Amino acid sequence: MSVLIKGGRVITAADDYVGDVFVDGERISLIGESLDVAADRVIDAAGKYVLPGCIDPHTHLDMPFGGTVTIDDVESGQTSAAFGGTTCHVDFVIQPQGMTFGDALDEWKAKADGKQVIDMGYHMAITDLKNGGTLEELATLPEQGVTSYKLFMAYKGALMVDDETLFRTMQVAAQSGALVMVHAENGDVIDILVREALAAGHTEPLYHALTRPPEAEGEATNRAIQLAHLAGAPLYVVHVTCREAVEPIARARDAGWNVWGETCTQYFFNSLDDIAKPNFEGAKYVYSPPVRDKSNWDVLWNAVRTDALSVISTDHCAFLWDGQKTMGRDDFSKIPNGGPGLENRLQMIHEFGVRHGRISLNRMVELLATNPAKLFGLYPRKGTIAVGSDADIVIFDPERTHTISAATHHSKSDYNLFEGTEVTGTPELVLLRGQVLVENGELVASPGVGRFVARAKFGQELVPERVPA
Ligand code: URP
Ligand code: ZN
Ligand code: ZN
């Protein structure tokens, strides 16, 4: 099957030109002006943007968490992603306590089997180095294409690790070619503040935010940076929300340290006003780190402009409000942490980043596709539009308007963090390795088309697969 995409405005992290893109099989094989080639299908992209498929390096599908399981499994979560122009994501295997990493990886792969709509990889979230996985086993994961380790410095009594586990993992990563990712909040301090708030009778969702202050995020971020530097490991701080965390990352990057930071769509738009909503509606905005004071919105936009933060992900961790979030009606600490977001990242960042003049189109592509691909061992096979790259392509209509709503999104969640927001610009057609996934508002490919991608080690390239001679 070949596809010729004609006359679109091709935008990568570096380029912006009008041209034709020819896809032969799964890969892009020719780019030029007015290409004169026969194709099985010709797509007229005049007036549209031709973007690389977005990559979301931070999602949680079919994950047991907070006494329940996220509502989106691989099929519904990836369908939602595809409609939003995301063609590849990296999900977290959460090592069950006492289980080896290999068994945990197999368990997660089995959950995805036959359900994959887009391509995906896995990070390994380490919870236990004493009874299940060992440091020796951890060191072997990059050989299997799992080239990032995740550690939670919060969620005491559940996923949180101590500094010994954190530092030993960093030492392994420094040798094995993995990138270390941290959820940076001081879990011990948060645990004290939560218990104090509950003892004082504060049970409402707002107290989720008030018991996880920015200082707890700033302290853990700085601790992780210093420990990673000492261990010689590259570090990626996930879901950064506030000045207290941006500043140590910016300082480390200015000093030339191997440190990168990510924020998520919701942290530019949701705030304490949302989590304070009455009638338990605030529970929709319970995720960690929490929503912050609105003054942080500009801090984050500046950080993504200046490359203090290099990626915008979604941290998609969807629950139902009615039936899952309501588990914490009488106690905010029992509200499962997380929210939906996979579908609306490109629309929201295009509207409020590009159209509102905060970032360029090139920077948007860099934040949503190219930098995730480079940091997580997918580039240049993914994350750009180039000869030899996978034909993961979004035809984006910059003029079409769309109103974001849970009534029309494809996540199984019963609410949307950006409900009612009107955007101008939305994906019109999405290709995964040359195959049309989404067209005319329909998913036209069947689950099973997506694949596991074995990622390259940190700092190495994932060379495009060669067409057999
Ligand atoms: O609240 C969140 N973010 N839930 C998902 C787990 C995590 O901390 O990333
Ligand atoms: Zn987290
Ligand atoms: Zn997360």
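See the structure above.
Residues numbered from 1 in each chain as written. Chains lettered and ligands numbered in written order. Predicted model: local features only at pLDDT ≥ 70, side-chain atom pairs only at ≥ 80, totals over all residues. Heavy atoms only, no water.

**Brief notes about unusual backbone geometry**
Then, in step 1: Following Ser 288, the chain continues into Pro 289 via a peptide bond in cis, with omega recorded as -10°.
Then, in step 2: Tracing the backbone shows Pro 289 in the loop between helix H9 (272-275) and helix H10 (295-306).
Then, in step 3: With an omega of 0°, the peptide bond running from Tyr 379 to Pro 380 counts as cis.
Then, in step 4: Relative to the helices and strands, Pro 380 is located in the loop between helix H12 (361-375) and strand E16 (393-403).
Then, in step 5: Although it is not a glycine, Arg 433 sits at a positive phi angle of roughly 45°.
Then, in step 6: Within the secondary structure, Arg 433 is located in the loop between strand E17 (422-432) and strand E18 (435-439). (Helix = DSSP H or I, 4+ residues; strand = E, 2+ residues; numbered from the N terminus.)

**So, the coordination of the zinc ion (ligand 2)**
Working reference: metal with six octahedral donors, ideal angles 90 or 180 degrees; metal with four tetrahedral donors, ideal angle 109.5 degrees.
Then, in step 1: Of the protein atoms, only His 183 (ND1) and His 239 (NE2) coordinate the zinc ion (ligand 2), at distances of 2.0 Å.
Then, in step 2: For the zinc ion (ligand 2), the four donor atoms in the first shell make angles of 57 to 151° at the metal, a pattern classed as irregular.
Then, in step 3: Between the zinc ion (ligand 2) and the zinc ion (ligand 3) there is a metal-metal distance of 3.9 Å. Here His 239 lies in the loop between strand E13 (235-237) and helix H8 (243-254) and His 183 lies in strand E12 (residues 179-183), a separation of 56 residues in the sequence. His 239 carries the same exposure label as His 183, and that label is buried. (Donors = N, O, S within 2.8 Å, 3.2 Å for Na, K, Ca; no water. Tetrahedral: all angles 85-135°; square planar, octahedral: opposite > 155°, others 65-115°. Buried < 20%, exposed > 50% of the residue type's maximum accessible area, 1.4 Å probe, protein only.)

**Re the coordination of the zinc ion (ligand 3)**
Then, in step 1: Donor atoms from the polypeptide that coordinate the zinc ion (ligand 3) comprise His 58 (NE2), His 60 (NE2) and Asp 315 (OD), at 1.9 to 2.1 Å from the metal.
Then, in step 2: Angles of 86 to 131° at the metal separate the four donor atoms of the zinc ion (ligand 3), which places the site in the tetrahedral class.
Then, in step 3: Binding-site remark: the zinc ion (ligand 3) is held by donors from one chain whose sequence spacing is H-x1-H-x254-D.
Then, in step 4: Look at His 58 and you get buried, because its relative accessible area is 1%.
Then, in step 5: The class of Asp 315 is buried, set by a relative accessible area of 9%.

**Quick look at the sheet that holds strand E9 (residues 86-94)**
Then, in step 1: Spatially, eight strands are ordered E6-E9-E10-E11-E12-E13-E14-E15 in an open sheet, and the strand pairing comes out parallel. Both outer strands of the open sheet, strand E6 (54-59) and strand E15 (311-313), are each paired with one neighbouring strand and no more. Sheet twist, expressed as the average angle between the axes of neighbouring strands with direction ignored, equals 30°.
Then, in step 2: Across four bridges, E6 lies against E9 in parallel orientation. Across the sheet, Thr 59 pairs through a bridge with Asp 91, a residue of E9.
Then, in step 3: Across the sheet, helix H11 (residues 345-355) is in contact with E6, E9 and E15; its angle to E6 comes to roughly 110°. (Pairing = 2+ DSSP bridges. Axes fitted to C-alpha atoms, helices over the stretch in contact; angles between N-to-C directions. Contact = heavy atoms within 4.5 Å.)

**Describing the layout of surface pockets**
Then, in step 1: A volume near 610 Å³ is recorded for the largest pocket.
Then, in step 2: Phe 65, Tyr 155, Lys 156, Ala 158 and Ser 333 are the residues nearest the centre of the largest pocket, which is lined by 28 residues in total.
Then, in step 3: If you tally residues by element for the lining of the largest pocket, the top one is helix H5 (residues 187-199), at four residues.
Then, in step 4: Taken together, the residues of the lining of the largest pocket sort by class into 14 nonpolar, nine polar and five charged.
Then, in step 5: Counted as a void, the second largest pocket has a volume near 240 Å³.
Then, in step 6: Considering the residues around the second largest pocket, the lining is formed by 16 residues, among which Phe 83, Glu 343, His 402, His 410 and Thr 426 are closest to the centre.
Then, in step 7: Those elements that provide at least two residues to the lining of the second largest pocket are E16 and E17.
Then, in step 8: Considering every element that reaches the lining of the second largest pocket, the biggest residue donor is E17, with three residues.
Then, in step 9: Grouping the amino acids of the lining of the second largest pocket by side-chain chemistry returns four nonpolar, nine polar and three charged. (1 Å grid on protein atoms, 1.4 Å probe; cavity = no way out; pocket = protein on both sides within 12 Å on 5 of 7 lines; lining within 4 Å. Points joined across faces, edges and corners; volume = space filled by probe spheres on them. Nonpolar A, V, L, I, M, F, W, Y, C, P; charged D, E, K, R; others polar.)

**Some words on helix H7 (residues 214-231)**
Then, in step 1: If you check H7, its first and last C-alpha atoms are 26 Å apart, about what 18 residues at 1.5 Å a residue would give, namely 26 Å.
Then, in step 2: Among the residues of H7, those classed as buried are Ala 216, Glu 217, Gly 218, Ala 220, Thr 221, Arg 223, Ala 224, Ile 225, Leu 227, Ala 228 and Ala 231.
Then, in step 3: Here the buried face of H7 lies against helix H4 (163-176), E12, H5, E13, H8 and strand E14 (259-264).
Then, in step 4: Looking one or two residues past H7, Gly 232 carries a phi angle of roughly 80°, positive in sign. (Expected span 1.5 Å × (residues − 1).)

**Regarding the site of ligand 1**
Then, in step 1: Near ligand 1 there are 13 residues, and of these Tyr 155, His 183, Ser 288, Asp 315 and Asn 337 occur at the shortest range.
Then, in step 2: Within the complex, 100% of the 260 Å² of free accessible area of ligand 1 lies under protein.
Then, in step 3: When atom positions are compared with the pocket grids, ligand 1 is found to occupy the largest cavity.
Then, in step 4: Of the residues that constitute the shell around ligand 1, the class distribution is five nonpolar, seven polar and one charged. (Near = heavy atom within 4 Å. Areas by Shrake-Rupley, 256 points an atom, 1.4 Å probe, with all protein chains shown as cover. Sits in = over half its atoms within 2 Å of the grid points.)

**Looking at the environment of Val 299**
Then, in step 1: Tracing the backbone through its elements, the reader meets Val 299 in helix H10.
Then, in step 2: Separated by 58 residues in sequence, Val 299 and Thr 241 place their C-alpha atoms 8.9 Å apart.

**So, the nonpolar core**
A general trend in soluble globular proteins is that nonpolar side chains are found buried together.
Then, in step 1: Counting 125 residues, the largest nonpolar core has Leu 51, Met 170, Val 182, Leu 235, Tyr 236, Met 364 and Leu 437 as its most contacted members.
Then, in step 2: Excluding residues within four positions of it along the chain, Tyr 236 makes contact with Pro 57, Leu 179, Val 180, Met 181, Val 182, Trp 260, Glu 262, Val 311, Leu 375 and Phe 376.
Then, in step 3: Counting 16 residues, the second-largest nonpolar core is a separate cluster that includes Ile 5, Val 21, Ile 395 and Val 436. (Core = buried A, V, L, I, M, F, W, Y, C linked by side-chain atoms within 4.5 Å.)

**Thoughts on the packing of H7 against H8**
Then, in step 1: At their nearest, the axes of H7 and H8 sit 7 Å apart, and the two run at 20° to each other. As summarised for this structure, H7 and H8 are arranged roughly parallel, according to the angle between their axes. Where H7 crosses over H8, the handedness of that crossing is right-handed. From H7, Pro 214, Glu 215, Glu 217, Gly 218, Thr 221, Asn 222 and Ile 225 reach across to H8, where they touch Glu 244, Ala 245, Pro 248, Ile 249, Arg 251 and Ala 252.
Then, in step 2: Partitioned by chemical class, the residues of the contact of H7 with H8 number six nonpolar, three polar and four charged. (Parallel < 35°, antiparallel > 145°, perpendicular 65-115°, else oblique. Left-handed = near helix turned anticlockwise from the far one by under 90°.)

Shape is all these values report; function is a separate question.
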